[in-house]
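Examination of the molecular architecture
Residues per chain are reported as follows:
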Amino acid sequence: MAEPVLIVMCNFPDAASAERAAHSLVERRLAACVNILAPIRSVYRWQGAIEQTNEVPLMIKTAASRYAALEAALLAEHPYEVPEILAVEANRGAAAYLEWVADVTEPDEHLPDGL
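Report on the accompanying structure. Within each chain, residues carry numbers counting from 1 in the order of the written sequence. At least 70 in pLDDT is required for a residue's local features to be given in this predicted model, at least 80 for side-chain atom pairs to be given and counted, and no such filter applies to totals for whole chains, interfaces and linings, which use all residues. Hydrogen atoms and water are omitted, and side-chain values are computed over all heavy atoms in the structure.

For the rest of this paragraph, the subject is the side chain of Glu55. When you line up the elements, Glu55 lands in strand β4 (residues 49-63). For the purposes of these results, a polar contact is taken to be a pair of N or O atoms within 3.5 Å, where, inside protein, one atom must be able to donate a hydrogen and its partner to accept one; residues adjacent in sequence count only when each atom of the pair is a side-chain atom. Among the polar contacts made by the side chain of Glu55, one reaches the side chain of Ser42 at a distance of 2.4 Å. Whether two residues touch is decided by their heavy atoms; if any such pair falls within 4.5 Å, the residues are in contact. In this view, Glu55 contacts Asn11, Phe12, Pro39, Ile40, Ser42 and Tyr80; residues no more than four positions away in its chain are not counted. Numbering of helices and strands runs from the N terminus, with a helix taken as a DSSP run of H or I at least four residues long and a strand as a DSSP run of E at least two residues long.

Moving on: the packing of aromatic side chains. Stacked, tilted and edge-to-face pairs are distinguished by plane angle, under 30 degrees for stacked and over 60 for edge-to-face with tilted covering the rest, among Phe, Tyr and Trp rings (Trp via its six-membered ring) whose centres lie within 6.5 Å. What the rule picks out here adds up to 1 aromatic pair. Ring geometry for Tyr97 and Trp100: centres 5.4 Å apart, planes at 40 degrees, overall tilted. One end of the pair, Tyr97, and the other, Trp100, are both in helix α3 (residues 95-104), 3 residues apart, so they sit about a helical turn from each other.

As a further point, take the pattern of salt bridges. We define a salt bridge as a contact between a side-chain nitrogen of Lys or Arg and a carboxyl oxygen of Asp or Glu at a distance within 4 Å. If you walk through the whole model with that rule in mind, you get 1 salt bridge. Here Glu77 makes a salt bridge to Arg28, at a shortest N to O gap of 3.2 Å. Taken together, the residues span a long stretch of sequence, with Glu77 in helix α2 (residues 67-77) and Arg28 in the loop between α1 (15-27) and β2 (33-36) at a distance of 49 residues. With relative accessibility at 36%, the residue Glu77 sits in the partly exposed group. Whether a residue is buried, partly exposed or exposed follows from its accessible area with a 1.4 Å probe, protein chains only, as a fraction of its type maximum: under 20%, in between, or over 50%, in that order. Under the relative-accessibility criterion, Arg28 is labelled partly exposed at 28%.

Here we come to the environment of Tyr44. With respect to the element layout, Tyr44 can be found in strand β3 (residues 40-46). A residue is classified by how much of its surface remains accessible, and Tyr44, at 34% relative accessible area, is partly exposed. Those residues within four positions of Tyr44 in sequence are excluded, and the remaining contacts are Ala49, Ile50, Glu51 and Thr53.

Our next topic: the pairing of β3. Within a regular beta strand, the side chains point alternately toward one face of the sheet and then the other, so they alternate between its two faces. For two strands to be treated as a pair, DSSP must find at least two bridges joining them. The pairing of β3 with β4 spans 7 bridges and is antiparallel. Bridging across to β4, Arg45 finds its partner in Ile50.

Taken together, the buried positions of α2 are occupied by Tyr67, Leu70, Ala73 and Leu74. On an axial view of α2, the arc spanned by its buried residues comes to 125 degrees, and they lie on one face. Turned more than 90 degrees away from the buried face of α2, the exposed residues are Ala68 and Ala76. Next to the buried residues of α2 lie β1 (5-12), α1, β4 and β5 (86-89). To obtain the arc, one takes the directions from the helix axis to the C-beta atoms.

What follows concerns the packing of α1 against α2. Look at α1 against α2: their axes get within 11 Å of each other, and the N-to-C directions meet at 150 degrees. Here the hand of the crossing between α1 and α2 comes out right-handed. Contact residues: α1 offers Ala21, Ser24 and Leu25, while α2 offers Leu70, Ala73, Leu74 and Glu77. Split by residue class, the contact of α1 with α2 holds 5 nonpolar, 1 polar and 1 charged. Every axis corresponds to a line fitted to the C-alpha atoms, with the helix fit spanning only the stretch in contact, and the corresponding angles, defined between N-to-C directions, vary from 0 to 180 degrees. Handedness of each helix crossing follows the sense of rotation of the near helix against the far helix: counterclockwise by less than a right angle gives left-handed, clockwise gives right-handed. When residue character is reported, Ala, Val, Leu, Ile, Met, Phe, Trp, Tyr, Cys and Pro are called nonpolar, Asp, Glu, Lys and Arg charged, and the others, Gly included, polar.

Quick look at the structure:
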């Protein structure tokens, strides 16, 4: 059986930053696939006030072993002071898909930094 697969959600302030992050994560093998979802309206409490803003969510699929590096990349690239980064384990899925996620997120020993 393939290693656990995580689904990671992270909202970005606009389509351009979401697209940059999605491409970077896949290019660096930190994600097998990133879905750039339709813009949403978020309502949240920040520094004592209720805020609302438009955001672009990413749904990121990765191997559990790549999560720490993926989170570090999101934190380094994200424009928010405290970005929403939530991960849940996929309890079930098509075996071939789960194996594909593990395969394409495997670090490449021939690339710099094992990306």
